[in-house]
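Here's the letter readout for the chains.
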Amino acid sequence: MAYLSLLAALGVYCVVAFGFTVSSTPGQVINGIGASGAWWPNDVFNFPESVREQVAELLFGPSGAGLTSYRYNVGGGGIGVSNPTRAPETFYVSQGVYNWSADAAGVYFLQKASQFKVPQITAFVNSAPTTMTSNNASCGGTLVDAQIPAYAQYLADVIAHWKEEGVVFTHVSLMNEPDDTFGSCGQEGMEVTPQQRASVINTLRSALDAAGLQSVGIMADESSSTGNFIPEAPEWIPQVQKGALAAVSHHQYGFGSDAEVAQMGSIGRNLSGVYTWFTEICCFKAADSSQQNNPAAPLTYSGIYEPTMIGALQLGQLVYQSFTQALDAHFDFWTALSNGIGCAPLGNATCPTAPNSNGWNDGLIYYDPDYATNQNTALYQVKRLFLMKHFANFIWMGSTRFNVSGLPSNVFGMAFKNPAQQSTQLGTAHSSLILMNMGNSAISVQPSQAGLGTSIGGALTSPTVDWQTFGASSSVSLPGLSITTLLFN
Ligand SMILES: *[C@@H]1O[C@H](CO)[C@@H](O)[C@H](O)[C@H]1NC(C)=O
Ligand SMILES: *[C@@H]1O[C@H](CO)[C@@H](O)[C@H](O)[C@H]1NC(C)=O
Ligand SMILES: *[C@@H]1O[C@H](CO)[C@@H](O)[C@H](O)[C@H]1NC(C)=O
Ligand SMILES: *[C@@H]1O[C@H](CO)[C@@H](O)[C@H](O)[C@H]1NC(C)=O
Ligand SMILES: *[C@@H]1O[C@H](CO)[C@@H](O)[C@H](O)[C@H]1NC(C)=O
């Protein structure tokens, strides 16, 4: 170990070859990789049009991450919310009366996602309009039973309106972390008790069907952790009408063990008969601070801004656990952009690139929290954006996951086969092998061992390069702290 560290310190590569096998047993079908439009549009909409367009390209465009899922936050009006950025406007005026000019900021980026043909667009809610919550506010209350039909009709009306405007929501998520009233009011939120959940889902299903929106899938319940999900799922999922749910959605803020997340996925699927989706995560660091440079070490909820490959591969670890243990069919990061950079980036080139403990791992792209006073509208891309680009580009919609075994324990591998040929930057492909090297030493692999077809090269993101493509080769080196995708046709 000491010898290897010395070699690493001297910049000497330690290249070791390993054999590995891609299983022929199909896993789940995966259908979407994304992030959400919560909150940052309220800031970034104030930026020059050229910067706003750059944001859309970086998230949705072919030269950017090419996300295949976007979650638009249907605002509740932000009544009572202390942080103005986290107080989105609402379309709701009164029952059946809407102000479609509201939330111009959120709608701008929603329309961009639609123009870029992001295949999955979800309307997600933190709080119902204030007339439907127990305390007449957008945080701190509970959904009122008697207002469930009105709430369902409101969501159906919002989705129908945007469909007429050419923005097709494929999914709707009608509650967020519903155990929590969000009484601290740093953001919108409302409690939806386990006893209410099936009723809201069934009522919304009827309202959508009546509006001709049968194709819009409902997901629930966005539980914050395995600790909420596992005991509560049996209280609400069995009461949901058959066919009313398209996916069981969950978060993972408890950073549960492999066994816990596997149990969550299994319970969710067994009770519902539909796939589980991982729909939100952010804000993590190594649970044991002595492991902070090991991205495979167990994580915990915490502030910290970690823009490097460590922060990226910590997210990679969560995606790997989601797909290989929970067997989720979909993965979303939390907020696509964030001002939680934790330092003052204007005139300080180190600030955006160095970790600091004042910021948050809650963005793929960051911006200056002081933009309104210093006019700095620069965008700061972190390694997480490029990690997500690998997943969004090469875990194709509708592709099937396969286990990979025999890799060294610090290399996390996942293989995907697409039913059809897929055009990529490197030519047409139908299979991908994503390899994350969580260790510090380079490791060499032979693409032919994958048995996935003819290697056509791939793409690499490492401490020194972002999304560097390379051609076919009999041996590929996975640098320390890197993500590499190998493509095959
Ligand atoms: C994948 O490997 C895990 C063990 O890591 C095993 O439990 C599971 O059954 C395998 N799944 C498939 C589809 O091969
Ligand atoms: C609609 O919302 C916009 C944006 O907040 C606001 O300027 C306008 O006054 C609202 N219109 C009505 C009729 O409430
Ligand atoms: C909420 O508003 C309704 C209607 O105006 C009112 O009757 C009720 O007392 C209010 N509730 C609270 C908790 O303020
Ligand atoms: C889900 O169902 C499968 C198949 O019946 C079963 O093997 C598994 O134990 C169930 N999982 C849970 C958590 O009950
Ligand atoms: C620049 O940013 C770095 C990293 O956050 C910080 O340590 C340093 O103090 C900043 N420099 C100045 C002059 O503010």
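No experiment lies behind these values; they were computed from the predicted model shown.

Student: Explain the site of ligand 5 here, please?
Tutor: C343, N348 and C351 make up every residue found near ligand 5. A distance of 2.5 Å is found between an oxygen atom of ligand 5 and a side-chain nitrogen or oxygen belonging to N348.

Student: How should I be thinking about the pattern of salt bridges in this particular structure?
Tutor: Using the criterion set out here, one finds eight salt bridges in the structure. Among the salt bridges present, the one from R197 reaches D179, with a minimum N-O distance of 3.6 Å. Residue R197 is located in helix α6 (residues 194–210), and its partner D179 is located in the loop between β9 (171–173) and β10 (190–191); the two are separated by 18 residues in the primary sequence. Residue classification places D179 among the partly exposed positions, given a relative accessible area of 32%. Among the salt bridges present, the one from R205 reaches D209, with a minimum N-O distance of 3.0 Å. Within this pair, R205 and its partner D209 are both found in helix α6, separated by four residues, close to a single helical turn.

Student: In this structure, what is going on with the sheet that holds strand β19 (residues 379–381)? I would like to understand it.
Tutor: The sheet built from three strands is open, its strands ordered β17-β18-β19 with mixed pairing. Only two strands of the sheet have a single partner each, and these edge strands are β17 (337–338) and β19. Bridging between strand β18 (residues 365–367) and β19 involves three bridges; their strand directions are antiparallel. When the sheet's bridge partners are listed, I365 is paired in β19 with Q381. Its contacts with the sheet place helix α3 (residues 49–60) against β17, β18 and β19, and it is angled at close to 15° to β19.

Student: Any chance you could explain the UniProt feature "domain: Endo-beta-1,6-galactanase-like" (unreviewed entry) in the protein here in plain terms?
Tutor: According to UniProt, the feature "domain: Endo-beta-1,6-galactanase-like" (unreviewed entry) maps to residues 27–215 in the numbering used here. End C-alpha to end C-alpha, residues 27–215 measures 25 Å, and it is 33% helix and 17% strand.

Student: Can you walk me through the confidence of the model for the protein in this structure?
Tutor: If pLDDT is low for a region, its predicted coordinates should not be looked at in detail. Of the residues in the protein, 97% have a pLDDT of 70 or more, and the chain-wide mean is 96. In this model residues 1–14 is a low-confidence stretch, pLDDT under 50, and it forms seven contacts with partners more than four residues away in sequence or in other chains.

Student: Can you help me understand the site of ligand 4 in this one?
Tutor: Around ligand 4, the neighbouring residues are S266, I267 and N270. Separating a nitrogen atom of ligand 4 from a side-chain N or O atom of S266 is a distance of 2.7 Å. The separation between an oxygen atom of ligand 4 and a polar side-chain atom of N270 is 2.3 Å. Burial of ligand 4 by the protein chains amounts to 31% of its free accessible area of 360 Å².

Student: Can you walk me through the packing of aromatic side chains in this structure?
Tutor: We describe a pair of aromatic rings using the distance from one ring centre to the other and the angle between the two ring planes. Counted by the stated rule, this structure contains 27 aromatic pairs. Judged by centre distance (6.0 Å) and plane angle (40°), the ring pair of Y72 and F169 falls under tilted. Remark: F169 occurs in the loop between α5 (148–164) and β9 and Y72 occurs in strand β4 (residues 69–74); sequence separation between them is 97 residues. Aromatic side chains F394 and W467 sit 5.4 Å apart centroid to centroid with 15° between the ring planes, which places their arrangement in the stacked category. You can see F394 sitting in helix α12 (residues 383–394) and its partner W467 sitting in the loop between β24 (455–461) and β25 (468–470), a full 73 residues away along the chain. Taken together, the aromatic side chains of F91, Y92, Y98, W100, Y151, Y154 and W162 make up a single cluster linked through ring pairs. A cation over an aromatic ring shows up here: R52 above the ring of Y108, its NZ or CZ 4.5 Å from the ring centre.

The rules we used
Residues numbered from 1 in each chain as written. Chains lettered and ligands numbered in written order. Predicted model: local features only at pLDDT ≥ 70, side-chain atom pairs only at ≥ 80, totals over all residues. Heavy atoms only, no water. Near = heavy atom within 4 Å. Polar contact = N/O pair within 3.5 Å; in protein donor to acceptor, adjacent residues only side chain to side chain. Salt bridge = Lys/Arg side-chain N within 4 Å of Asp/Glu carboxyl O. Helix = DSSP H or I, 4+ residues; strand = E, 2+ residues; numbered from the N terminus. Buried < 20%, exposed > 50% of the residue type's maximum accessible area, 1.4 Å probe, protein only. Pairing = 2+ DSSP bridges. Contact = heavy atoms within 4.5 Å. Axes fitted to C-alpha atoms, helices over the stretch in contact; angles between N-to-C directions. UniProt positions renumbered as here; feature names shortened; annotations may be inferred. pLDDT = per-residue confidence, 0-100. Areas by Shrake-Rupley, 256 points an atom, 1.4 Å probe, with all protein chains shown as cover. Phe/Tyr/Trp six-rings, centres within 6.5 Å; stacked < 30°, edge-to-face > 60°. Lys NZ or Arg CZ within 6 Å of the ring centre and 35° of its normal.

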